[in-house]
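# Structural characterization, general
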Amino acid sequence: MTTRLWLMAPALMATALVHPGTTSGPDSGRPAESPAPAAAVAQASQTPGTSTLDDQTELAVTVYNSDLALVRDVRNVQLPRGTFDLKFMDIAATVNPATVHFRSLTEPGRLGVLEQNYEYDLLEPDKILRKYVGRDVTLVQSRTENGTTRDVEVKAHLLSYNNAPVWQIGNEIITGLRADSIRFPELPGNLYSRPTLIWSLANEGATRHRVEASYLAGKLSWNADYVLTVSRDDAKADLDGWVTVTNGSGTTFRDAKLQLVAGDLNRVRQVFGKMEMDAVANRAAAAPAMSQESFSDYHLYTLDRKTTINNAETKQVSMLGGTDVPVKKRYVVDGQAFYYRNAQRPGAPIKDTVQVLYQFKNETRGGLGMPMPSGTVRVYQEIGRAHV
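Every chain is numbered on its own, with residues counted from 1 as its sequence reads. At least 70 in pLDDT is required for a residue's local features to be given in this predicted model, at least 80 for side-chain atom pairs to be given and counted, and no such filter applies to totals for whole chains, interfaces and linings, which use all residues. Hydrogens and water molecules were not included; the side-chain quantities draw on all heavy atoms of the structure.

Taking strand neighbours across the sheet as the criterion, the four strands line up as 2-5-13-7 in an open arrangement whose pairing is mixed. Two strands bound the open sheet, and with one partner strand each, they are strand 2 (50-51) and strand 7 (111-119). Note on pairing: two strands pair once DSSP finds at least 2 bridges between them. Helix and strand definitions follow DSSP, with helices as H or I runs of at least four residues and strands as E runs of at least two, each counted in order from the N terminus. Bridge analysis of strand 7 against strand 13 (residues 196-203) gives eight bridges, and the strand direction is antiparallel. Looking at strand 13, one finds that Val113 is bridged to Leu201.

Here's what the structure looks like:
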């Protein structure tokens, strides 16, 4: 099947040459074909050796507080026996290919990886045109005559495309030619609509596999924010804790198990150790809205439900909540030793800012007790029916 691609371009120059009839490219040897129906195109995309979000059965995202995340993607795929290529699509655009780990959960010993490629040369109008150097395309001109607009097609051979395209139409070489749209007979095979991992696999087992791909991706981060609402008598307060997750990875994580790691990572050559990755990925969720557990020198926070994190989105998730937490109000002045050795004005008082602090214990009474990650605390106080 051949699918025609249309590229919209700027306005047409009136000097375009029109040559009726059809010509084929130097390497095609076949006449132009009509566009394929949309349903047929959609069916063709679901080809063997390609895995999309439709195959996904499980997704876990562990976000570190250093603009980094571990993604674990589990899918059910249909694979042929023997050696073949598998296109694993819908991954994070910020994936670090050196951290990718692929395996079969069904038959780990009978499905092996021979090669891996990360394809990030994505579909763009300019790139499609550059891929067609040395081939024929159809330039479409829109002409209006007597109040009627019609399209005029010009078959052109693209000789070169450096700063601008150089066309051959008939026996003439033309530059500076623009068209309303450009039609391509097919999609170049080395361009992809979204970032894709391609594995060369050897399958000696069944044709149906449950596979797992895990990798590290950048531009995913989180931070903690707190709101402390103090009563008018300064004796108790309500505390709300929020986690803000920012996703700039270039993909959406749909119905994902979300985990957050607090602590500074030791990133040698920007690669997190494989053993540590597996230890984080295999942690289980607990009953509270967000549970916490400690491992090594880190704290792991797990959301008890699945959530969707859209690309280019900032999501806030409730982490903890405390009611009627006992607080103590303190006034603090941080004195410095040089205050008492003022050579210019010995004995003169030095005024300093008095800090107002609220102190409370992080304990189970009042709904707390979970280790709290560092973050910004915003304090409000009740004054009648208002808060300041």
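Next comes the rest of the account.
Two joining distances apply to patches: 9 Å for like charges and 5 Å for nonpolar side chains (Val, Leu, Ile, Met, Phe, Trp, Tyr), and every residue must have over 30% relative accessible area and no salt bridge. In this description, accessible areas are obtained by the Shrake-Rupley approach with a 1.4 Å probe, and a residue is regarded as covered only by the protein chains that are shown. Salt bridges, as used here, are contacts in which a Lys or Arg side-chain nitrogen is within 4 Å of a carboxyl oxygen on Asp or Glu. On the surface, Tyr331, Val333, Val354 and Val356 cluster together into a nonpolar patch covering about 390 Å² of accessible area. Tracing the backbone shows Val354 in the loop between strand 21 (328-332) and strand 22 (355-359).

Moving on, we get to the pattern of salt bridges. Taken as a whole, this structure holds 14 salt bridges when the rule is applied. The partner of Asp234 in a salt bridge is Lys329, and the shortest N-O contact between them spans 3.4 Å. On the criterion of sequence distance, the pair formed by Asp234 in the loop between strand 15 (220-230) and strand 16 (236-247) and Lys329 in strand 21 is long-range, its members being 95 residues apart. Partly exposed describes any residue whose relative accessible area lies between the buried limit of under 20% and the exposed limit of over 50%, with all areas from a 1.4 Å probe on protein chains only and scaled to the type maximum. According to the relative accessible area criterion, Asp234 is buried, its value standing at 18%. Within this structure, Glu58, Arg72, Arg103, Arg210 and Glu212 form a network of salt bridges that share partners.

Moving on, we get to the environment of Ala156. Within the fold, Ala156 resides in strand 9 (residues 148-161). Note on Ala156: relative accessible area 2%, which makes it buried. Along the sequence, Ala156 and Gly170 sit 14 residues apart, while their C-alpha atoms lie 7.9 Å from each other. Note on contacts: a residue pair is in contact if any heavy atoms of the two residues lie within 4.5 Å. Contacts of Ala156, omitting those with residues within four sequence positions, involve Arg135, Asp136, Val137, Leu139, Trp167, Gln168 and Ile169.

Stacked, tilted and edge-to-face are the three classes applied to pairs of Phe, Tyr and Trp rings, where Trp contributes its six-membered ring and a pair requires centres within 6.5 Å; stacked means planes under 30 degrees apart, edge-to-face means over 60, and tilted covers the rest. Inspection of every chain in the model, using the stated rule, returns four aromatic pairs. Judged by centre distance (5.2 Å) and plane angle (65°), the ring pair of Phe88 and Trp199 falls under edge-to-face. Highlighted residues: Phe88 in strand 5 (residues 82-89) and Trp199 in strand 13, separated in sequence by 111 residues. A residue is classified by how much of its surface remains accessible, and Phe88, at 0% relative accessible area, is buried. Cluster of aromatic residues (ring-pair linked, three or more members): Phe88, Phe102 and Trp199. Arg75 extends its terminal NZ or CZ atom over the ring of Phe88, reaching a point 3.8 Å from the ring centre. Whether a charge lies above a ring is judged from NZ of Lys or CZ of Arg, which has to be within 6 Å of the ring centre and within 35 degrees of the ring normal. Stacked on the ring of Tyr161, the Lys or Arg Arg130 has its end atom at 4.3 Å from the ring centre.

Quick look at the nonpolar core now. One finds Val63, Phe102, Trp199, Tyr215, Trp222, Phe253 and Leu260 to be the most contacted residues of the largest nonpolar core, which totals 49 residues. In this structure, Phe102 is in contact with Leu86, Leu111, Val113, Trp199, Leu201, Val211, Glu212 and Ala213, ignoring residues within four places of it in sequence. Among the nonpolar cores identified, the runner-up in size contains 17 residues, and Val154, Leu158, Ala179 and Phe184 belong to it. Among buried residues, those of type Ala, Val, Leu, Ile, Met, Phe, Trp, Tyr and Cys that are joined through side-chain atoms within 4.5 Å constitute a nonpolar core.

Here the focus is the pairing of strand 5. Of the strand pairs in this sheet, strand 2 and strand 5 are connected by two bridges, and their pairing is parallel. Across the sheet, residue Ser51 finds its bridge partner in strand 5, namely Phe88. The pairing of strand 5 with strand 13 spans eight bridges and is classified as antiparallel. Residue pairing in the sheet places Asp85 in a bridge with Ser200 of strand 13.

Summing up the model confidence of the protein, the mean pLDDT is 80 and the portion of residues at 70 or higher is 74%. In predicted models, pLDDT denotes the confidence assigned by the predictor to each residue on a 0 to 100 scale. Low pLDDT (under 50) marks residues 1-46, which in the prediction has 87 contacts with non-local residues, meaning those over four places away or in another chain. Between residues 268-288, whose pLDDT stays under 50, and residues either more than four places distant or in other chains, the model counts 34 contacts.

Right, let's get into the pairing of strand 16. Sheet topology note: the strand 15/strand 16 ladder contains 11 bridges and is antiparallel. Residue pairing in the sheet places Thr229 in a bridge with Asp238 of strand 16. The antiparallel hairpin formed by strand 15 and strand 16 contains five residues in its connecting segment, where Asp234 sits at a positive phi of about 60°. With 11 bridges joining them, strand 16 and strand 20 (residues 313-326) adopt antiparallel strand pairing. Its bridge partner lying in strand 20, Val245 is registered against Lys315.

Below, the discussion takes up the environment of Thr62. Among the secondary structure elements, Thr62 is positioned in strand 3 (residues 56-64). Its relative accessible area of 2% is what places Thr62 among the buried residues. It is 9.1 Å that separates the C-alpha atoms of Thr62 and Leu300, two residues lying 238 residues apart in sequence. Side-chain atoms alone can form a polar contact between residues adjacent in sequence; in general such a contact is a pair of N or O atoms within 3.5 Å, and within protein one must be able to donate a hydrogen while the other accepts it. A distance of 3.3 Å separates the side chain of Thr62 from the side chain of Gln259, its partner in a polar contact.

Moving on, we get to unusual backbone geometry. The backbone of Asn146 shows a phi angle near 55°, a positive value even though the residue is not glycine. Counting through the fold element by element, Asn146 comes out in the loop between strand 8 (136-145) and strand 9. Take Asn146: its relative accessible area is 83%, and that puts it in the exposed class. Phi at Ala312 takes a positive value of approximately 55°, unusual for a residue other than glycine. Note that Ala312 resides in the loop between strand 19 (298-309) and strand 20.

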